[in-house]
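# Structural overview
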Amino acid sequence: KQEVTQIPAALSVPEGENLVLNCSFTDSAIYNLQWFRQDPGKGLTSLLLIQSSQREQTSGRLNASLDKSSGRSTLYIAASQPGDSATYLCAVGGYSTLTFGKGTMLLVSP
Amino acid sequence: AAGVIQSPRHLIKEKRETATLKCYPIPRHDTVYWYQQGPGQDPQFLISFYEKMQSDKGSIPDRFSAQQFSDYHSELNMSSLELGDSALYFCASSLSYAGTGELFFGEGSRLTVL
């Protein structure tokens, strides 16, 4: 059974810092990996999708990498802003569904 | 662009009552997924449908059932509700099955069981 772990569980940084969120998974036989953002009590917003054959994806200030063989992905956020404050969830795509990690709660202070 | 539509957004029920949640996927998406997210928890997979057939089943209680209709919308039926069923229920849709598609999630339906 796929298990997804996210480190750290919570992170507090001042505005402007570059930061890295980590995701690890136990079964490397994956189809893809998605990073989501979730604001409190709200839905899941897809940030980046990396297919299993890809090494990284970029969108604006976000960059996600994937090392399938080692079971790791990182989400890099450049020049963090208070509006980036949210919970970031990593989800690993298996044959028929996504398995989520417990998320990293990010707080960016002005 | 059209997104995944879920209704109702909020629902309050008493214990032992029944609730039905609806999900309208993005047009042309053929796969629908249901997830349950308890307070402070990560989303847990319940069930999925591909081309109107159940494709996978997760930790869905026997009291719950779901189906996908000919227009691809899906409904999650929950009976004999318990306090522990209080959660945010997400529906997601994708264009392709076999994990190769990107999942798009709705805003969720918040169920409160009193």
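Before reading further, recall that the structure is shown in the block above.
Residues and elements named next belong to chain B. Summed over the entire model, instances satisfying the criterion amount to six salt bridges over all chains. For the salt bridge of Arg63 with Glu82, the shortest nitrogen-to-oxygen distance reads 3.4 Å. Of this pair, Arg63 sits in the loop between β6 (53-57) and β7 (64-68) while Glu82 sits in the loop between β8 (74-78) and β9 (87-94), and the two are 19 residues apart along the sequence. Arg63 gets classed as partly exposed once you look at its relative accessible area, which sits at 22%. Assessed through its relative accessible area of 42%, Glu82 is described here as partly exposed. Shared partners join several salt bridges into a network, and the residues in it are Arg63, Glu82 and Asp85.

Residues and elements named next belong to chain A. Locating Gly71 in the fold gives a position in the loop between β7 (62-67) and β8 (72-77). Taking relative accessible area as the criterion, Gly71 reaches 3% and is therefore assigned buried. In this view, Gly71 contacts Cys23, Ser24 and Phe25; residues no more than four positions away in its chain are not counted.

Moving on, we get to the sheet that holds strand β3 (residues 19-24) of chain B. Residues and elements named next belong to chain B. Pairing is antiparallel across the open sheet formed by four strands, whose spatial order is β1-β3-β8-β7. The two strands at the open ends of the sheet, each matched to only one other strand, are β1 (5-7) and β7. Sheet twist, expressed as the average angle between the axes of neighbouring strands with direction ignored, equals 15 degrees. The sheet contact formed by β3 and β8 spans five bridges and is antiparallel. If you follow Lys22 over to β8, its bridge partner there is Glu75.

What follows concerns the sheet that holds strand β1 (residues 4-7) of chain A. Residues and elements named next belong to chain A. The five strands are arranged β1-β3-β8-β7-β6 in an open sheet whose pairing can be described as antiparallel. This sheet does not close on itself; its edge strands, each paired only once, are β1 and β6 (56-59). Across this sheet, the average inter-strand angle for adjacent strands is 15 degrees, counted without regard to direction. Bridge count between β7 and β8: six bridges; the pairing is antiparallel. Residue pairing for β8: Asp67 is matched across the bridge by Arg72.

Bringing the side chain of Ser48 of chain B into the picture now. If you trace the backbone, Ser48 of chain B turns up in strand β5 (residues 44-50). Side chain to side chain, Ser48 of chain B and Ser55 of chain B meet in a polar contact 2.7 Å long. If we skip the residues at most four places from it in the chain, Ser48 of chain B touches Ser96 of chain A together with Val32, Tyr33, Met53, Gln54, Ser55 and Asp56 of chain B.

Turning next to the nonpolar core. Ranked by size, the top nonpolar core spans 23 residues in total, and within it Phe25, Leu33, Trp35, Leu75, Ile77, Tyr88 and Leu106 of chain A carry the most contacts. Within the residue set of this core, elements represented by two or more residues are β3 (19-25), β4 (32-38), β5 (44-51), β7, β8, β9 (86-93) and β11 (104-109) of chain A.

Applying the stated criterion to the full structure yields eight aromatic pairs over all chains. Ring centres of Phe36 of chain A and Phe105 of chain B lie 5.2 Å apart, and the angle between their planes is 90 degrees; on these two criteria the pair is classed as edge-to-face. Taken together, the residues span two chains, with Phe36 of chain A in strand β4 and Phe105 of chain B in strand β10 (residues 104-105). The class for Phe36 of chain A is buried, based on a relative accessible area of 0%. Residue classification places Phe105 of chain B among the buried residues on the basis of a relative accessible area of 10%. Plain terms: the ring middles of Phe90 of chain B and Phe105 of chain B are 6.2 Å apart, the flat faces sit at 85 degrees to each other, and that makes the pair edge-to-face. Of this pair, Phe90 of chain B sits in strand β9 while Phe105 of chain B sits in strand β10, and the two are 15 residues apart along the sequence. We classify Phe90 of chain B as buried; its relative accessible area is 0%.

Basis of the calculations
Residues numbered from 1 in each chain as written. Chains lettered and ligands numbered in written order. Predicted model: local features only at pLDDT ≥ 70, side-chain atom pairs only at ≥ 80, totals over all residues. Heavy atoms only, no water. Salt bridge = Lys/Arg side-chain N within 4 Å of Asp/Glu carboxyl O. Helix = DSSP H or I, 4+ residues; strand = E, 2+ residues; numbered from the N terminus. Buried < 20%, exposed > 50% of the residue type's maximum accessible area, 1.4 Å probe, protein only. Contact = heavy atoms within 4.5 Å. Pairing = 2+ DSSP bridges. Axes fitted to C-alpha atoms, helices over the stretch in contact; angles between N-to-C directions. Polar contact = N/O pair within 3.5 Å; in protein donor to acceptor, adjacent residues only side chain to side chain. Core = buried A, V, L, I, M, F, W, Y, C linked by side-chain atoms within 4.5 Å. Phe/Tyr/Trp six-rings, centres within 6.5 Å; stacked < 30°, edge-to-face > 60°.

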